[in-house]
Amino acid sequence: MLKVNEIFYSLQGEGYNTGTASVFVRLSGCNLHCAFCDTRHEQGTMMSVTHIVEQVARYPQAPLVVLTGGEPSLFIDDDLVAALKQGTGKRIAIETNGTHALPAGIDWVTLSPKQGFEGGDAHPVVLDRCDELKVVYLGQDLSQYQGIAATHRYLQPCYVPDERQCQRNMQACVEAVLAHPEWRLSLQVHRVLHIR
């Protein structure tokens, strides 16, 4: 049984897969308490693997399942990943802070490390490779991520409720990408579109 906050169908709004129709499985709970976290993931319903697969299969048109949270790597295992693949035929992606090893069979790993942020240093990052490294940018030294092997590297402005601060964060992120072109800009397109 896993505590599931929500399962929903939408477009991926961030990073490499932006715009891809996806089924999101948001698990409840995280091992970090980042001050800027914008996801309310604490509540949830206990669900069996079979029930999760059934809910995901309600969206046959989606090519991608995104395991997210909270921190999904704390709860998922080989059995869940295999059941989702076998029961839906979809590719499996995960959004993780990288502080916990991942099970086999995941097709796309988005690593978003939180070290150096208030509430983000409780556990060290253990993953050293990923498909996509997506860093929430608040002016930190980007050299700390050089040891992570990533096919794609994204900087994403930190969203905060204050509109002026959001604009400053956006400008700082743009300047960082211009200064470090090995990174690309990732925006939270779902916020622009007002979708989940």
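Definitions and limits used
- Residues numbered from 1 in each chain as written.
- Predicted model: local features only at pLDDT ≥ 70, side-chain atom pairs only at ≥ 80, totals over all residues.
- Heavy atoms only, no water.
- Helix = DSSP H or I, 4+ residues; strand = E, 2+ residues; numbered from the N terminus.
- Rg over C-alpha atoms; globule rule 2.2 N^0.38 Å.
- Buried < 20%, exposed > 50% of the residue type's maximum accessible area, 1.4 Å probe, protein only.
- Contact = heavy atoms within 4.5 Å.
- Areas by Shrake-Rupley, 256 points an atom, 1.4 Å probe, with all protein chains shown as cover.
- Lys, Arg positive; Asp, Glu negative; His and termini not counted.
- Charge placed at Lys NZ, Arg CZ, Asp CG, Glu CD.
- Axes fitted to C-alpha atoms, helices over the stretch in contact; angles between N-to-C directions.
- Parallel < 35°, antiparallel > 145°, perpendicular 65-115°, else oblique.
- Left-handed = near helix turned anticlockwise from the far one by under 90°.
- Nonpolar A, V, L, I, M, F, W, Y, C, P; charged D, E, K, R; others polar.
- Pairing = 2+ DSSP bridges.

A.B. asks: Looking at this structure, I do not really get the overall build of the protein. What am I missing?
C.D. replies: Broken down by element type, the protein carries four helices and nine strands. Element order for the protein, N to C, with α for helix and β for strand: β-β-β-α-β-α-β-β-β-β-α-β-α. Relative to its length of 196 residues, the protein is compact, with a C-alpha radius of gyration of 16 Å against a globular reference of 16 Å. In terms of its C-alpha atoms, the protein occupies a principal-axis envelope of roughly 45 × 35 × 30 Å. In the protein, which comprises 196 residues, the share counted as buried stands at 47%. Within the protein, counting contacts between residues at least 6 apart in sequence, those at least 24 apart form 60% of the total. Here the protein has roughly 9900 Å² of accessible surface; of this, 51% comes from carbon and sulfur atoms. The protein carries 16 positive and 21 negative side-chain charges, and their two centres are separated by 5 Å.

A.B. asks: When you look at the packing of helix 1 (residues 49-56) against helix 2 (residues 78-88) in this model, what are you seeing that I'm missing?
C.D. replies: Between two packed helices, both the angle of their axes relative to each other and the distance between the axes serve to describe the pair. In the contact formed by helix 1 and helix 2, the axes pass within 9 Å of each other and the chain directions differ by 40°. Relative to helix 2, helix 1 is oriented oblique. As helix 1 packs across helix 2, the resulting crossing turns out to be right-handed. Packed against helix 1, whose contacting residues are Val49, Ile52, Val53 and Val56, the element helix 2 presents Leu80, Ala83, Leu84, Gly87 and Thr88 at the interface. Here the contact of helix 1 with helix 2 is composed, by residue class, of seven nonpolar, two polar and no charged.

A.B. asks: Quick question: what am I supposed to make of the pairing of strand 8 (residues 149-157) here?
C.D. replies: In regular strands, side chains alternate between the two faces of the sheet. Bridge count between strand 7 (residues 129-137) and strand 8: eight bridges; the pairing is parallel. Across the sheet, Arg129 pairs through a bridge with Ala149, a residue of strand 8. Bridging between strand 8 and strand 9 (residues 184-185) involves two bridges; their strand directions are parallel. Paired with Leu155 across the strands is Leu185, a residue of strand 9.

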